[in-house]
Each structure stands twice: as C-alpha cells, then as structure tokens.
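# A structural walkthrough
For reference, the chains in residue letters:
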Amino acid sequence: MCVWSIFNGLFFLLFVAVFVFITSVAVTLARKRDKALKELAANLNAKIPKFSFYPTLNGEHQGLKYTISLFPGGKNTPPYLQAQLLKKSAFRLSVYRESILSDFGKKLGLVHEVKVNDPAFDKDFLFFSNRQEQASTYLNNQTVKEAIQGLFRAGFDSLTIDYQRVTVRRPDYSLEQDLSVENVKVLLQRLAALAQGL
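Our subject in this report is the structure included herewith.

### Quick notes on the environment of N183
Examined against the element boundaries, N183 turns out to sit in helix α7 (residues 181-196). Among the residues examined, N183 registers a relative accessible area of 31% and is labelled partly exposed. Spatially, the C-alpha atoms of N183 and A154 are 9.2 Å apart, while their sequence positions differ by 29 residues. In contact with N183, other than residues within four places in its own chain, are Q177 and D178.

Here it is, written out as structure tokens:
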C-alpha cells in the first residue's frame, strides 16, 4: 500500500511537471508569435484584427489587400503559414512541386496538367487549371515564373489562384525567419508579381 501510494505520488508529480513544461513552451511561442506580428504591423502599416480564429495580419500592398494567417497543426497536419492577396482572376490555377507520385500518375495517364513548354519549369512544377490556354499564357510570363520559383525556394509548398485571390501556403514555418519584416516584404512582392499577370 505504501509503495502504491509513492508510485501514485510520483506519477502525479511527473504529470504536473509535463503539464507545466508544455504550458510554458506554448506561452513562450505565443509571446514570440505576437511580438513578430506586432513588429510586422508596425513596419508594414498593417493591422492585427481583434477577433480572429487564428493569429492574423491584415494589410495592403501596391493597392491590393492581403492577409497572413498562422494556423496550428492538426493530427496529420503541421502548423502552416498562409498568405493571401486579393486579386480577381478569370481562371483557377494550382501549382505544386513535382514528386515521384505525380510523375508516376502522368505515366499512367491519371494526371492531366497544364504544359508551359519550358522543360526546366515543367520538370520542377505541376500545374492544374480549369482554363489551360489562359493558364499556359500566364505561366509563360518570366516575372510569374521567377515569383513561383522564389516562393517554392522559400519553403512554400502550394500556390492556388481562384477567381478572388492568390494564396500560398508554407508548412512548418519559422517565426524568426518567415515572419521577419524583410522576408514578409519579399513574400508580398512575389504575390504582387503573380497578381500583376492576372
């Protein structure tokens, strides 16, 4: 009985220690995140909305409204940063990095993508659109190509354009690197370059 009581006491202390550790890590990360967003808001003349489901920054770049949101991870999803620039488009487009699976799907005829007729660009990326000719013309713009390449080099894993906005997503973002003023300015410049071609 005495041994059992000691075991229960030790287990309870271990539980409390783990809970305190996890809570302190979460609080520290939240403070760093809030500090990074406040610094961005001050330097980019942007705003942090008072009520938002996720930490968010709203602003305007070259006359276009943008939103940067930080989403927590889920069971099978890492935390990710999402940036959106509002810009109307006449077509939808999705861009992903080529992979072994996509290459295999193309060989089987299961994947039907937009061709840009730029071997290096086609080899690196996978393009899907509801209007292939318009998307192909858009993707053959050198400024658009450079913006896409720069975003994926920076760790973004998807780019989507719908009828209202340009959206990019970066998994496992770094507060220090991806939310630095300098890098967010570069991100906004690349999104603006994409929007100009629409």
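### Thoughts on the side chain of H61
Within the secondary structure, H61 is located in strand β1 (residues 56-61). What makes H61 buried here is its relative accessible area of 16%.

### A look at helix α4 (residues 132-139)
Those residues of α4 not exposed but buried are A135, S136, Y138 and L139. In an axial view of α4, the angular spread of the buried residues amounts to 160°, which keeps them on one side of the axis. Across from the buried face of α4, at angles greater than 90 degrees, the exposed residues are E133 and T137. Looking at the packing, one finds that the buried side of α4 touches β4 (93-97), α3 (119-124), β5 (125-129), α5 (142-153), β6 (158-161) and α7.

### Overview of the nonpolar core
The nonpolar side chains of a soluble globular protein tend to be buried, and buried together. L93, F127, L139, I148, L159 and L194 are the most contacted members of the largest nonpolar core, which has 46 residues in total. The contacts of L93, once residues within four sequence positions are left out, are F127, F128, S129, A135, Y138, L139, L159, T160 and I161.

### Considering the pattern of salt bridges
Applying the stated rule across the entire model yields three salt bridges. Residues K145 and D118 are paired through a salt bridge, measuring 2.7 Å at the closest nitrogen-oxygen approach. Placement of K145 in helix α5 and of D118 in the loop between α2 (100-107) and α3 is noted, with a sequence separation of 27 residues between them. Looking at D118, the relative accessible area reads 22%, which means it is partly exposed.

### Things to note about unusual backbone geometry
Positive phi, normally seen in glycine, also occurs at N45, with a value near 55°. When you line up the elements, N45 lands in the loop between α1 (2-44) and β1. What makes N45 exposed here is its relative accessible area of 71%. Positioned with a positive phi, D172 is a non-glycine residue whose angle comes to about 50°. Tracing the sequence through the fold places D172 in the loop between β7 (165-171) and α6 (175-178). Under the relative-accessibility criterion, D172 is labelled exposed at 51%.

### Looking at the sheet that holds β7
Strand order in the open sheet made by the seven strands is β1-β2-β3-β7-β6-β4-β5, with antiparallel pairing throughout. On the outer flanks of this sheet lie β1 and β5, each paired with one strand and no other. Each adjacent strand pair in this sheet contributes to an overall mean axis angle of 15°, direction not counted. Sheet topology note: the strand β2 (residues 64-71)/strand β3 (residues 80-86) ladder contains six bridges and is antiparallel. Each residue of the ladder has a partner; that of L70, found in β3, is L81. Helix-sheet contacts for α5 involve β4, β5, β6 and β7, and the interaxial angle to β4 is about 50°. In the packing of α7 onto the sheet, contacts are made with β1, β2, β3, β6 and β7, and the angle to β3 comes to roughly 45°.

About the cut-offs
- As a convention, each chain's residues are numbered from 1 in the sequence order in which they are written.
- Local features in a predicted model are, by the rule used here, given only for residues with pLDDT of at least 70; side-chain atom pairs are given and counted only at 80 or more, and totals for whole chains, interfaces and linings are based on all residues.
- In computing side-chain properties, one takes all heavy atoms of the structure into account and sets aside hydrogens as well as water.
- Each helix is a run of H or I in the DSSP string that is no shorter than four residues. Each strand is a run of E no shorter than two, and both are numbered from the N terminus.
- Only protein chains enter the calculation, and the probe is 1.4 Å; a residue is then buried if its accessible area is under 20% of its type maximum, exposed if over 50%, and partly exposed in between.
- We call two residues in contact when some of their heavy atoms are within 4.5 Å.
- This arc corresponds to the set of directions leading from the helix axis out to the C-beta atoms.
- Definition of nonpolar core: a set of buried residues of the types Ala, Val, Leu, Ile, Met, Phe, Trp, Tyr and Cys, connected through side-chain atoms within 4.5 Å.
- Salt bridges are defined by distance alone: a side-chain nitrogen of Lys or Arg within 4 Å of a carboxyl oxygen of Asp or Glu.
- Two strands are counted as paired when DSSP detects at least two bridges linking them.
- Interaxial angle, 0 to 180 degrees, is taken between N-to-C directions of lines fitted to C-alpha atoms, where a helix line uses only the stretch in contact.

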